[in-house]
Amino acid sequence: MAALRTLIVDDEPLARSGLRLMLRRHADVEVVGESGNGFEAVEAIQELRPDLVFLDVQMPGLDGFGVIEALGSAAMPAVVFVTAFDHYALQAFRVHAVDYLLKPVESRTFQEALAKARARLSGGMGEEVRRQLEALLGDYRAARSADGADAATPTPLRYLQRLSIKDNGRVFFLKMEQIDWFEAADNYVKVHAAGKVHFVRTTMSEMETRLDPAHFARIHRRTIVNLERVKVIHTLFKGDYMVVLNDSTELKLSRGYRDRILDDGV
């Protein structure tokens with residue numbers, strides 16, 4: 001029996017390493033490559049033609065759904081999504097019977113996903129997998145097209161319900177309502193919550209697209225706030241404003257973003 005040619009796609013080196021170690025325990029699996037972003041993944045899938053891809057959903061630039069959209073579902077190998085999303089995204093995966101692993105990946109669920117992928121590939125279920133991916137991609141396209149039409153209504157793949165945080169070799173989750181504000185920091189975003197600061201490797205623009213605008217607003221190119229944490233907004237000189245949070249943190253409200261927060265009556 002030929003080895004199961006597998007590609008790992010995740011922008012986090014630690015996550016790739018964890019999947020690689022679990023895959024190495026299986027003699028019939030060959031890891032043919034790794035990709036650290038969606039653009040690399042598209043090239044690797046076209047060049048290497050793997051049988052199976054472990055595909056991270058949330059990646060800066062081009063996310064997992066963007067990879068499928070770029071290649072087309074007919075050109076995709078079997079896919080196991082790897083995600084830190086909760087509720088809405090997982091519900092969509094279940095509806096379309098698409099395999100997924102929730103971060104941090106557990107050995108038991110990994111074994112189950114790999115066994116299911118083997119069964120599908122050996123059973124000649126490629127056409128069914130393509131139909132499932134196309135249906136999931138249809139939801140993704142609908143969510144994206146509805147971005148300006150009905151931003152108040154969450155779509156299955158749109159908003160984060162919790163955020164995975166890596167700290168000293170462990171992974172824990174923050175519910176979105178626990179977060180006070182986000183701050184840009186080079187290739188990372190600082191997550192401020194309950195007086196503590198955590199780092200997530202993503203961009204502010206990517207983070208903004210994953211946040212529910214009913215609860216979070218960008219007030220500066222470097223700052224996004226939880227609207228529930230806003231205590232008062234002070235008027236400064238020359239039309240500038242200062243946003244004060246419940247913990248007395250003071251954040252500048254840029255003119256380019258003030259209509260968003262002031263029009264909402266915060």
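Our structure's up above, just so we're on the same page.
Rules used in this analysis
Residues numbered from 1 in each chain as written. Predicted model: local features only at pLDDT ≥ 70, side-chain atom pairs only at ≥ 80, totals over all residues. Heavy atoms only, no water. Helix = DSSP H or I, 4+ residues; strand = E, 2+ residues; numbered from the N terminus. Axes fitted to C-alpha atoms, helices over the stretch in contact; angles between N-to-C directions. Parallel < 35°, antiparallel > 145°, perpendicular 65-115°, else oblique. Left-handed = near helix turned anticlockwise from the far one by under 90°. Contact = heavy atoms within 4.5 Å. Nonpolar A, V, L, I, M, F, W, Y, C, P; charged D, E, K, R; others polar. Buried < 20%, exposed > 50% of the residue type's maximum accessible area, 1.4 Å probe, protein only. Pairing = 2+ DSSP bridges. Right-handed = clockwise from strand over helix to strand, strands pointing away. Phe/Tyr/Trp six-rings, centres within 6.5 Å; stacked < 30°, edge-to-face > 60°. Core = buried A, V, L, I, M, F, W, Y, C linked by side-chain atoms within 4.5 Å.

Lay out the environment of Ser-164 in plain terms, naming residues and giving numbers.
Along the polypeptide, Ser-164 turns up in strand E6 (residues 162-167). Sequence-wise, Ser-164 and Leu-174 are 10 residues apart; in three dimensions their C-alpha atoms are separated by 6.5 Å.

If you had to explain the packing of helix H2 (residues 38-48) against helix H3 (residues 64-71) to someone new, which residues and values would you point to?
With their axes 9 Å apart at the nearest point, H2 and H3 run at an angle of 40 degrees to one another. When the axes of H2 and H3 are compared, the pair comes out oblique. Where H2 crosses over H3, the two elements pack in a sense that is right-handed. The residues of H3 that touch H2, namely those facing Gly-38, Ala-41, Val-42, Ile-45 and Gln-46, are Val-67, Ala-70 and Leu-71. Along the lines of polarity and charge, the residues of the contact of H2 with H3 split into 6 nonpolar, 2 polar and no charged.

For the pairing of strand E4 (residues 78-83), give the residues involved together with the corresponding values.
With 6 of 6 residues buried, E4 lies mostly within the body of the structure. Side chains Ala-78, Val-80 and Val-82 of E4 all project onto a buried face; the interleaved residues Val-79, Phe-81 and Thr-83 project onto the opposite face, where all are buried too. Inspection of the sheet shows strand E3 (residues 52-56) paired to E4 by 5 bridges, in the parallel sense. Residue pairing in the sheet places Asp-56 in a bridge with Val-82 of E4. A crossover links E3 with its parallel partner E4, the connecting element being H3, and its sense is right-handed. Where E4 meets strand E5 (residues 100-102), 3 bridges bridge the pair, whose relative direction is parallel.

Pulling in residues and values, what's your account of the packing of aromatic side chains?
Considering all chains together, one arrives at 4 aromatic pairs under this definition. Where Phe-182 meets Phe-216, the ring centres are 5.8 Å apart and the plane angle is 55 degrees; that geometry is what we call tilted. With Phe-182 in strand E8 (residues 181-185) and Phe-216 in strand E11 (residues 216-220), this residue pair connects regions lying 34 residues apart in the sequence.

A description of the nonpolar core should follow, citing residues and the corresponding values.
Generally speaking, soluble globular proteins have nonpolar side chains that are buried together. Of all hydrophobic cores here, the largest spans 24 residues; its most connected members are Leu-55, Val-67 and Phe-81. Mapped onto this core, the elements with two or more residues apiece are strand E1 (4-9), H2, E3, H3, E4 and helix H6 (126-145). Beyond its immediate stretch of four places on either side in the chain, Val-67 contacts Gly-38, Ala-41, Val-42, Ile-45, Leu-55, Met-59 and Leu-62. Counting 18 residues, the second-largest nonpolar core is a separate cluster that includes Ile-179, Phe-182, Val-191 and Met-207.

Tell me what's going on with the sheet that holds E11, and back it up with residues and numbers.
Within a beta sheet, neighbouring strands are joined by backbone hydrogen bonds and run either parallel or antiparallel to one another. The strand order E10-E9-E8-E12-E11 describes an open sheet built from 5 strands, whose pairing is antiparallel. Each end of this open sheet is capped by a strand with a single partner; those strands are strand E10 (196-200) and E11. Direction aside, neighbouring strands of the sheet carry axes that sit 25 degrees apart on average. As paired strands, E8 and strand E12 (residues 223-226) are joined by 3 bridges and run antiparallel to one another. Looking across to E12, one finds that Phe-182 is bridged to Ile-224.

I'd like a rundown of the sheet that holds E5, residues and numbers included.
Pairing within the open sheet is parallel, and its 5 strands lie in the order E2-E1-E3-E4-E5. Where the open sheet ends on each side, the last strands, each with one partner, are strand E2 (29-35) and E5. Each strand axis lies, on average, 20 degrees off the axis of its neighbour in the sheet, ignoring direction. Examined bridge by bridge, E1 and E3 share 4 bridges and lie parallel to one another. Of the residues in E3, the one forming a bridge with Leu-7 is Val-53. Running over the sheet, H2 touches E1, E2 and E3 and is turned about 165 degrees from E1. In this fold helix H5 (residues 107-122) packs onto E1, E2, E3, E4 and E5, with an angle of close to 135 degrees to the strand it touches most, E3.

Before we move on, could you go through the side chain of Ser-73 and cite the residues and values that matter?
Tracing the backbone shows Ser-73 in the loop between H3 and E4. Accessibility expressed as a relative area gives 10% for Ser-73, which makes it buried.

Lay out unusual backbone geometry with the relevant residues and their values.
In this structure, the amide linkage connecting Lys-103 to the following residue, Pro-104, adopts the cis form with an omega of -10 degrees. Mapped onto the elements of the fold, Pro-104 is located in the loop between E5 and H5. Although it is not a glycine, Ala-194 sits at a positive phi angle of roughly 50 degrees. Tracing the backbone through its elements, the reader meets Ala-194 in the loop between strand E9 (188-193) and E10. You will see that Ser-248, though not glycine, has its phi angle at about 75 degrees, which is positive.

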